[in-house]
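Chain by chain, the residues run as shown.
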Amino acid sequence: MDAKPRLLIVDDELLIRDLLYDYFMTHDFDIAVAENGQRALSLLEKNHYDTVILDLKMPDIDGLELTARIRAKDGDLPIILITGYPSVESAIQAVRWRLDDYFVKPVNLTHLRRAVDTALARRSAVGGAKATLGEPTV
Amino acid sequence: MNQQALRRILVVDDEIFIRDLLTDFFSKLNFAVTTAADGNAGVATFRKEQFDAVLVDLKMPGQSGLETLRQIHALRRGSPVIIMTGYPTIDSSIEALRAGAYDYIIKPFKLQELKEVVDRAIKEQELHVEIDTLRDKIATIEDELRHYRASGTGRTRNPEIILNDAEPLSALDSHGTAQS
């Protein structure tokens, strides 16, 4: 895969969106941002992304509810949750939804990028197997 | 899948009360239950025997439940491991997520709910195994087809692959494509 990995950042806080956009841009990602859950869903409807970084607490759709809707369409899409309001309950939900990671704000960007890299590697392993299933290469 | 097949679970908990409780409960449901009183013993047992799911207490003297989970996954990646704890924390639940726990259950739990988690874990694991088997089979078939086309013998090594031997080989071009 030689194209830049496509990242969708979903957060209602402009400051966080800008910060993550700038950071991942300098690390050679192709980035889209959404300020709420509805916008994220509509972007996901039209475009392909390799990983989604999702805020837990948003005004329209809660990050876990959004996870459920994303997973209903793409069960393997890597999702990383970030939150300023961590709780045992949401972390347990993250385990149950097989989220790729869960970060408490303020987020260490190096750790977040490492989590994105790990998620991308997982996605490409699953995607590779799927491609083999779908199209025999003989 | 045979519904009557004996499902095997391993319970790792330092509290004898929990080990006995889970042994009684799951045995009555036709599970074969093995127990271990600490993480080291749990990993040693897992190394020797096959289990469909593992229930591990988070807080045990010596090796923690999360370390036990990591060692179990190092032995068999993807094996469903359910973490149980009476002391839930944000940090340990995030660590459980990162270590690939199947679930994180807070004590005291309802036995019926635990059974549902175990059933779901085993079902998902069976599906994963089935998918892996199918992928392996497809890879084998692809190899056989490549071999068949490269060798031009018209025979594969795999009796499961049915090729039209009646098709004269001369009717195939160098890429193995049939010529009309």
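Refer to the structure printed above.
Given the structure is predicted, the values throughout are model-derived calculations rather than measurements. (Residues numbered from 1 in each chain as written. Chains lettered and ligands numbered in written order. Predicted model: local features only at pLDDT ≥ 70, side-chain atom pairs only at ≥ 80, totals over all residues.)

Draft legend 1. Quick peek at the overall build of chain B. Along its length, chain B carries 5 helices and 5 strands. Seen in sequence order, chain B has helices and strands lined up from the N terminus as β-α-β-α-β-α-β-α-β-α. Across the 180 residues of chain B, 27% fall into the buried class. Expressed as a percentage of contacts within chain B between residues at least 6 apart in sequence, the contacts between residues at least 24 apart total 53%. (Helix = DSSP H or I, 4+ residues; strand = E, 2+ residues; numbered from the N terminus. Buried ≥ 20, exposed ≤ 12 C-beta atoms within 10 Å, placed from the backbone. Contact = placed C-beta atoms within 7 Å.)

Draft legend 2. Fine view of the overall build of chain A. Assigned secondary structure in chain A consists of 5 helices and 5 strands. Each helix and strand of chain A, placed in order from N terminus to C terminus, yields the pattern β-α-β-α-β-α-β-α-β-α. Classification of the 138 residues of chain A by burial places 36% in the buried group.

Draft legend 3. Local environment of the sheet that holds strand β4 (residues 79-83) of chain A. Residue and element names in this part refer to chain A. With parallel pairing, 5 strands are arranged side by side in an open sheet as β2-β1-β3-β4-β5. With partners counted over all chains shown, the strands left at the sheet margins are β2 (30-34) and β5 (101-104), one partner each. Ignoring strand direction, the axes of neighbouring strands in this sheet form an average angle of 20°. Pairing analysis gives 4 bridges linking β4 to β5, with the strands arranged parallel. Note on β5: the bridge partner recorded for Ile82 is Phe103. Strands in contact with helix α3 (residues 63-73) are β3 (51-55) and β4; relative to β3, the strand with the most contacts, it is inclined by about 155°. (Pairing = 2+ DSSP bridges. Axes fitted to C-alpha atoms, helices over the stretch in contact; angles between N-to-C directions.)

Draft legend 4. A look at the packing of helix α3 (residues 65-75) of chain B against helix α4 (residues 90-99) of chain B. Residues and elements named next belong to chain B. Contact pair α3 / α4: the axes reach a minimum separation of 10 Å and the direction vectors enclose 5°. Relative to α4, α3 is oriented roughly parallel. Across the interface between the two elements, Leu66, Leu69 and Arg70 from α3 touch Ser92, Glu95, Ala96 and Ala99 from α4. Taken together, the residues of the contact of α3 with α4 sort by class into 4 nonpolar, 1 polar and 2 charged. (Parallel < 35°, antiparallel > 145°, perpendicular 65-115°, else oblique. Nonpolar A, V, L, I, M, F, W, Y, C, P; charged D, E, K, R; others polar.)

Draft legend 5. Highlighting the pairing of β2(A). Residue and element names in this part refer to chain A. When strand β1 (residues 6-10) meets β2, the two strands line up parallel, connected through 5 bridges. Looking at β2, one finds that Arg6 is bridged to Asp30. In this fold, the crossover linking β1 to β2 by way of helix α1 (residues 14-26) has right-handed handedness. (Right-handed = clockwise from strand over helix to strand, strands pointing away.)

Draft legend 6. Inspection of the sheet that holds strand β4 (residues 81-85) of chain B at higher detail. Residues and elements named next belong to chain B. If you trace the 5 strands from one edge of the open sheet to the other, you get β2-β1-β3-β4-β5, paired in parallel fashion. Lying at the two open borders of the sheet, with one neighbouring strand each, are β2 (31-36) and β5 (103-106). Between one strand axis and the next, the sheet turns through 20° on average, direction left out of account. Alignment of strand β1 (residues 7-12) against β2, held across 6 bridges, turns out to be parallel. In the sheet register, Arg8 faces β2, and the bridge partner there is Ala32. Most of the contacts of helix α2 (residues 39-48) go to β1, to which it runs at about 160°, and overall it touches β1, β2 and β3 (53-57).

Draft legend 7. A look at the interface of chain A and chain B. In this complex, chain A contributes 17 residues to the contact, which on the side of chain B involves 18 residues. Taken together, the elements giving at least two residues each to the side of chain A that touches chain B come down to α4 (88-96), β5 and α5 (109-134) of chain A. The element that contributes the greatest number of residues to the side of chain A that touches chain B is α4(A), accounting for 6 residues. A breakdown of the residues in the side of chain A that touches chain B according to their chemical character gives 12 nonpolar, 3 polar and 2 charged.

Draft legend 8. Broad picture of helix α5 (residues 111-151) of chain B. All names here are of chain B. Across its 41 residues, α5 extends 59 Å between first and last C-alpha, which sits within 8% of the 60 Å expected from 1.5 Å per residue. Of the surrounding secondary structure, the elements contacted by the buried residues of α5 are β1, β3 and β4. Of the residues trailing α5, Gly152 is marked for its positive phi of about 70°. (Expected span 1.5 Å × (residues − 1).)

Draft legend 9. Quick look at the pairing of β3(A). All names here are of chain A. The element β3 is extensively covered by neighbouring structure, given that 5 of its 5 residues are classed as buried. Where burial is concerned, the two faces of β3 agree: the one with Thr51, Ile53 and Asp55 and the one with Val52 and Leu54 are both buried. Two strands pair when backbone bridges link them, and β1 and β3 are joined in this way by 4 bridges, in the parallel orientation. When the bridges of β3 are listed, Val10 appears paired with Leu54. Pairing between β3 and β4: 4 bridges, direction parallel. In the sheet register, Asp55 faces β4, and the bridge partner there is Ile82. Taken together, β3, α3 and β4 constitute a β-α-β crossover, and its handedness is right-handed.

Shape descriptors only; they carry no functional weight alone.
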